[in-house]
Structure formats: C-alpha cells, structure tokens
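# Coordinate inspection notes
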Amino acid sequence: MQKIYIAGHRGMVGSAILRRLQARAAAGEPLALITRTHSELDLTDQETVRGFLQSERPDVVILAAAKVGGIHANNTWPADFIYENLMMECNVIHQAFLAGVRRLLFLGSSCIYPREAQQPMAEDALLTGVLEPTNEPYAIAKIAGIKLCESYNRQHGTDYRSVMPTNLYGPGDNFHPEKSHVLPALIRRFHEAAAAGRAEVVIWGSGTPRREFLHVDDMADASLFVLDLPRDTYEANTQPMLSHINVGAGEDISILELAQLVARLTGFTGRIVTDPSKPDGTLRKLMDVSRLAAMGWRAGITLEDGVVDTYRWYLNNLETARL
C-alpha cells in the first residue's frame with residue numbers, strides 16, 4: 001500500500017490531482033491518500049508539519065499547496081506571498097526528508113522565468129534575467145522551491161521533482177473580484193455584465209499581452225505522469241540543477257481575444273473596452289513544452305472546451321465561487 005500525502009488538496013490543482021488518485025484507488029490501485037485542511041494542519045508552522053509527517057510517514061508527497069493570486073493580489077500583499085510560500089516549501093520539503101519520504105512532487109509556476117525571456121520559455125531560461133516586478137516575491141518563492149528539491153537530491157539522494165505549469169484554470173478556481181487570475185475574473189465579470197444587461201465591460205490593460213492557459217485536469221494528469229516516470233527516465237531528461245519540467249498547452253492567446261471568447265460563451269453582447277492605464281504585466285508568457293512532449297505527454301483539453309467546463313462549474317457553484 002503506497003501512502004500519498006497531497007498538500008493543498010482543497011485548491012484547484014490539488015483537488016484535481018486528488019480526484020485522479022481517488023479514481024486510481026477505486027480501480028484497485030493500492031493507495032492510501034492522506035489529506036489535511038488548513039485548519040487541521042498549518043503548513044507554515046514548522047513543528048506542526050514535523051509532527052504530522054513523522055506520524056504519517058507517507059511514501060510520496062505532492063506539494064500543491066500555495067498562496068496564489070493575480071496581479072492585484074501580488075501587488076497588494078507581496079510580503080504575504082513570499083513569506084507564506086517560502087515557509088510552506090521549506091517546512092514540507094525538509095520535514096518530508098526527515099520523515100524518510102522517498103519521492104516528492106513540487107508544483108511551481110511559469111512566473112519563475114525572466115520578464116524578457118525568449119519565447120517560448122524553455123527550462124534553461126531560469127535565472128537568466130530580471131523577473132516581472134508585479135509578481136517577483138511569489139516567483140522568488142517558487143524558484144526557491146525548485147532549488148530546495150534539487151539541493152536535497154544532490155546532498156541526500158532523494159527523488160524530489162518539480163513541474164512548472166502555465167496559467168491554470170478550471171473547476172474550483174478562485175473567482176474573487178480582487179484576488180483571482182485573469183480567466184476566472186473575466187468569466188465572473190462577463191457573466192455579471194450579461195445578467196445585468198450592461199452595455200460594456202472594461203478589461204485591465206491594453207488587451208495585447210498574450211497568455212497560455214491550461215485546464216487543471218490536464219495539469220493533474222501531467223503531474224502524475226511526471227511523478228510516475230521511472231527515476232532514470234526523469235534524470236535522463238533533466239539536469240541536477242535544472243530539473244524542473246514545463247507543463248503547458250503549447251499555444252497562447254491575447255487577453256483581448258480571451259475576453260471575446262469569454263464574452264461569447266457567457267452570452268455578453270455589449271462592447272469590450274480596454275483600460276491601458278492598468279498594468280499589462282509580462283507581454284508574453286508561452287511555455288516551451290518540448291521536454292515533456294518528448295517524454296510522451298501533451299495537453300488534451302482545448303481552451304474553448306475548458307472555458308465551457310469552467311463556466312458551467314461557476315454557474316453551479318455561484319454562492320461559493322463569488323467569495
């Protein structure tokens with residue numbers, strides 16, 4: 001029986017990974033899945049994490065827990081983003097090692113790459129330039145998570161792996177008006193505008209920046225694909241201090257085009273107005289996913305199908321999704 005602890009199982013990515021593991025267990029795979037809510041286990045508290053992992057002794061840890069948010073949230077609470085993410089990573093990774101965890105998967109973010117990184121962004125672009133200022137504290141924390149995994153592998157012979165997703169969306173996303181990422185924010189804004197019969201919707205920035213989006217179910221599938229790779233296969237496709245793997249859809253879309261897609265799918269027929277006085281962030285963020293593709297994995301959910309699925313979930317969960 002393999003014991004797997006999923007940190008962050010209530011989050012969008014963690015819950016998608018948990019669903020897949022539960023399906024495996026239901027199909028007969030011998031798995032014992034371990035979860036704890038934030039109220040049950042504060043991952044920023046070192047002694048609490050130590051006691052939990054020493055008691056549970058999982059075979060595998062999936063570190064999907066993180067404090068996340070969009071441009072507004074990152075600009076407003078930068079200290080919270082760097083502190084909480086660093087503490088969670090340090091506590092979980094170090095205490096996992098002390099508890100004898102043999103394999104760990106760390107989930108990072110595409111914001112680890114420099115603002116001016118060549119597009120599409122390959123794994124070796126890491127630490128080659130200046131980060132995007134609007135989310136630099138969060139990015140620094142995620143880079144630290146990669147380097148923690150690599151350093152424990154080098155010094156202690158562990159098998160700790162990292163995957164770097166592009167912008168994720170899907171069921172369980174955060175639709176808060178100030179703390180959400182761009183796609184769920186647009187879904188909420190256009191849904192409410194359509195329901196109220198408004199004549200226009202204003203979107204942040206010029207609308208020209210391009211972004212790549214990956215459905216969370218694809219991310220869950222890719223995460224387990226990487227986790228399940230034989231160690232020699234993983235190591236043959238990475239380097240000891242450049243071991244992270246990009247996960248993305250392999251194509252991007254402008255923010256204005258995305259807004260037009262969301263408007264169509266939510267039934268909004270008014271004008272879409274851009275607001276160039278608001279920050280654009282990085283002008284383009286497209287992942288080079290050739291490394292993962294060479295190992296046998298590609299995204300399977302189109303953006304339109306994914307947005308339809310996410311909007312359906314939003315409509316079915318309006319009371320909680322509005323929080």
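Described below are features of the structure shown in this document.

### Some remarks on the overall build of the protein
What the protein contains, in helices and strands, is 12 helices and 13 strands. Since a compact globule built from 323 residues should have a radius of gyration of about 20 Å, the 19 Å found for the protein is in line with a globular shape. Its C-alpha atoms give the protein principal-axis dimensions of about 60 × 40 × 40 Å. When burial is assessed residue by residue, the protein has 52% of its 323 residues classed as buried. About 14,000 Å² of surface is accessible on the protein, with carbon and sulfur atoms providing 50% of the total. Positive and negative side-chain charges in the protein, numbering 32 and 38 respectively, have mean positions lying 1 Å apart.

### With respect to the sheet that holds strand β10 (residues 245-247)
Pairing in this open sheet of six strands is parallel, and the strands run β2-β1-β3-β4-β5-β10 from one edge to the other. In this open sheet, the two edge strands, each paired with only one partner strand, are β2 (31-34) and β10. Put simply, the sheet's adjacent strands are angled 20 degrees from each other on average, direction ignored. Inspection of the sheet shows strand β1 (residues 2-7) paired to β2 by four bridges, in the parallel sense. Among the inter-strand pairings, Lys3 is bridged to a residue of β2, identified as Ala32. The strands touched by helix α1 (residues 12-26) within the sheet are β1, β2, β3 (60-63) and β4 (103-107), with β2 carrying the most contacts at an inclination of about 155 degrees. In the packing of helix α4 (residues 78-98) onto the sheet, the strands contacted are β3, β4 and β5 (159-165), and the crossing angle to β3 comes to about 175 degrees.

### Here we look at the state of the cysteines
Enumeration over the complete set of coordinates arrives at zero disulfides. Cysteine Cys111 is unpaired, with the sulfur of Cys149 as its nearest cysteine sulfur at 16 Å. A relative accessible area of 5% means that Cys111 is categorised as buried. In this structure Cys149 is a free cysteine whose sulfur lies 11 Å from that of Cys90, the closest cysteine sulfur available.

### Here we look at the side chain of Asp173
As for its placement among the helices and strands, Asp173 is situated in the loop between β6 (167-169) and α6 (182-196). Among buried charged residues, Asp173 stands out as having no salt bridge; its nearest opposite-charge side chain is Arg19, 11 Å away. The residues touching Asp173, leaving out its near neighbours within four places in the chain, are Met12, Leu168, Pro184 and Trp313.

Quick notes on the rules
Residues numbered from 1 in each chain as written. Predicted model: local features only at pLDDT ≥ 70, side-chain atom pairs only at ≥ 80, totals over all residues. Heavy atoms only, no water. Helix = DSSP H or I, 4+ residues; strand = E, 2+ residues; numbered from the N terminus. Rg over C-alpha atoms; globule rule 2.2 N^0.38 Å. Buried < 20%, exposed > 50% of the residue type's maximum accessible area, 1.4 Å probe, protein only. Areas by Shrake-Rupley, 256 points an atom, 1.4 Å probe, with all protein chains shown as cover. Lys, Arg positive; Asp, Glu negative; His and termini not counted. Charge placed at Lys NZ, Arg CZ, Asp CG, Glu CD. Pairing = 2+ DSSP bridges. Axes fitted to C-alpha atoms, helices over the stretch in contact; angles between N-to-C directions. Contact = heavy atoms within 4.5 Å. Disulfide = S-S within 2.5 Å. Salt bridge = Lys/Arg side-chain N within 4 Å of Asp/Glu carboxyl O.

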